[in-house]
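Okay, here's what each chain looks like letter by letter:
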Amino acid sequence: MTPLSTPDLHALVEGVYADLAPFRGEGAVADYIPQLARVDPQSFGLAVATTGGDVITAGDALAPFSIQSVSKVFTLALALGKWGDGLWKRVGREPSGTAFNSIVQLEQEKGIPRNPFINAGAIVVTDSLLAGHQPREALGEILRFLHFLADDESIVVDQAVARSEQATGFRNQALANYMRAFGNLHHPVDLTLGVYFHQCAIAMSCAQLAKAGLFLANAGRLITGGSVVSRERARRINALMLTCGHYDASGDFAYRVGLPGKSGVGGGILAIVPGQAAIAVWSPGLNANGNSALGTRALELLAQRTGWSVFGG
Ligand SMILES: NC(=O)CC[C@H](N)C(=O)O
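- In the nomenclature of an unreviewed UniProt entry, the chain corresponds to Glutaminase from the organism Elstera cyanobacteriorum.
- According to its UniProt record, the chain has this under Subunit (unreviewed entry): "Homotetramer."
- The Sequence similarities (unreviewed entry) comment attached to the chain in UniProt states, word for word, "Belongs to the glutaminase family."

## A closer look at the pairing of strand 9 (residues 277-282)
Okay, so step 1: The element strand 9 is largely enclosed, with a buried count of 6 among its 6 residues.
Okay, so step 2: Burial along strand 9 is two-sided: the face carrying Ala 277, Ile 279 and Val 281 and the face carrying Ala 278, Ala 280 and Trp 282 are both buried.
Okay, so step 3: As defined by bridge partners, strand 2 (residues 45-50) adjoins strand 9 across 6 bridges and the pair is classed as antiparallel. Considered in strand 9, the bridge of Val 48 is made with Ile 279.
Okay, so step 4: Both strand 8 (residues 268-273) and strand 9 contribute to a ladder of 6 bridges, which runs antiparallel.

## Observations regarding the packing of helix 6 (residues 159-168) against helix 8 (residues 189-200)
Okay, so step 1: At a minimum axis separation of 8 Å, helix 6 and helix 8 run at an interaxial angle of 135°. Taken together, the axes of helix 6 and helix 8 lie oblique to each other. For the pair helix 6 and helix 8, the crossing hand works out as right-handed. Here helix 6 contributes Ala 162, Glu 165 and Gln 166 to the contact with helix 8, which in turn contributes Phe 197, His 198 and Cys 200.
Okay, so step 2: Of the residues assigned to the contact of helix 6 with helix 8, the class counts are 3 nonpolar, 2 polar and 1 charged.

## Regarding the sheet that holds strand 3 (residues 55-59)
Adjacent strands of a sheet pair through backbone hydrogen bonds, lying either parallel or antiparallel.
Okay, so step 1: Strand order in the open sheet formed by 5 strands is 3-2-9-8-7, and the pairing between neighbours is antiparallel. A strand with exactly one partner marks an edge of an open sheet, and here the two such strands are strand 3 and strand 7 (261-263). Across the sheet, the axes of successive neighbouring strands diverge by a mean angle of 10°, strand direction being ignored.

Conventions adopted
Residues numbered from 1 in each chain as written. Predicted model: local features only at pLDDT ≥ 70, side-chain atom pairs only at ≥ 80, totals over all residues. UniProt positions renumbered as here; feature names shortened; annotations may be inferred. Buried ≥ 20, exposed ≤ 12 C-beta atoms within 10 Å, placed from the backbone. Helix = DSSP H or I, 4+ residues; strand = E, 2+ residues; numbered from the N terminus. Pairing = 2+ DSSP bridges. Axes fitted to C-alpha atoms, helices over the stretch in contact; angles between N-to-C directions. Parallel < 35°, antiparallel > 145°, perpendicular 65-115°, else oblique. Left-handed = near helix turned anticlockwise from the far one by under 90°. Contact = placed C-beta atoms within 7 Å. Nonpolar A, V, L, I, M, F, W, Y, C, P; charged D, E, K, R; others polar.

Shown next, in the form of structure tokens:
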């Protein structure tokens, strides 16, 4: 993939923002977590953090939003660090072809979720981080990891969003209880879900999220030099993002954008350009699959104009 000069990339990011800004408000803001429905549907931000050290932003790129399922990338990296391949006994690595909160495969597949990015899989991943820890410590570990990756200690949990999901997360409670019945949840449901709801309620801006995801574009290393995960693990997390990061729309995202990506119902998407950059977009309106409608379009346009794709130059 061709490295772009900083001014070229600036112009491309500005251009994508300007071309799509008239469509702000597209899609439907998630309201099954009532607090998420309070966000301004016109919000639209873009940030590109490059392995060369630039952070290029447009629109609302510095405004914090609820990262929701994008958090699952970071908890997966932590859980693989803790359990290595042992994690794969509890969660699979196949696309589910079902919605993010679906329960149907769990019965046929004996409480082993298809992958770590659907809710059931992410709940298992979070449960694995609780081993030997109190919920507060597990959440602290997740937050410290994000502070370290983004080099920014101001990242916090939006407590109103966490409370809102805690009060209404009946489907996640069903998923967690169901997996507990199969012995694939090792802690009391309310403890595991307490951590899960809080990790989803972490608020970050596009700029912070792009910086935090950059290790996945940089062979598992911080651009300042420290190692986060091995090169092989970074590749594998990217592979899972590509195949499973957008639930039953993962195929469509790969076709349209051609990059590993992870979405969240807060309207954020983190996409990885191996060797080049991490991109974060945010627009709260979702498409029918629960992925940011305008965010996906922004990534599609940016990938087209930069020539960035994991499928060839
Ligand atoms: N797709 C998402 O972002 C879902 C995350 C949300 N916290 C949930 O569990 O429903």
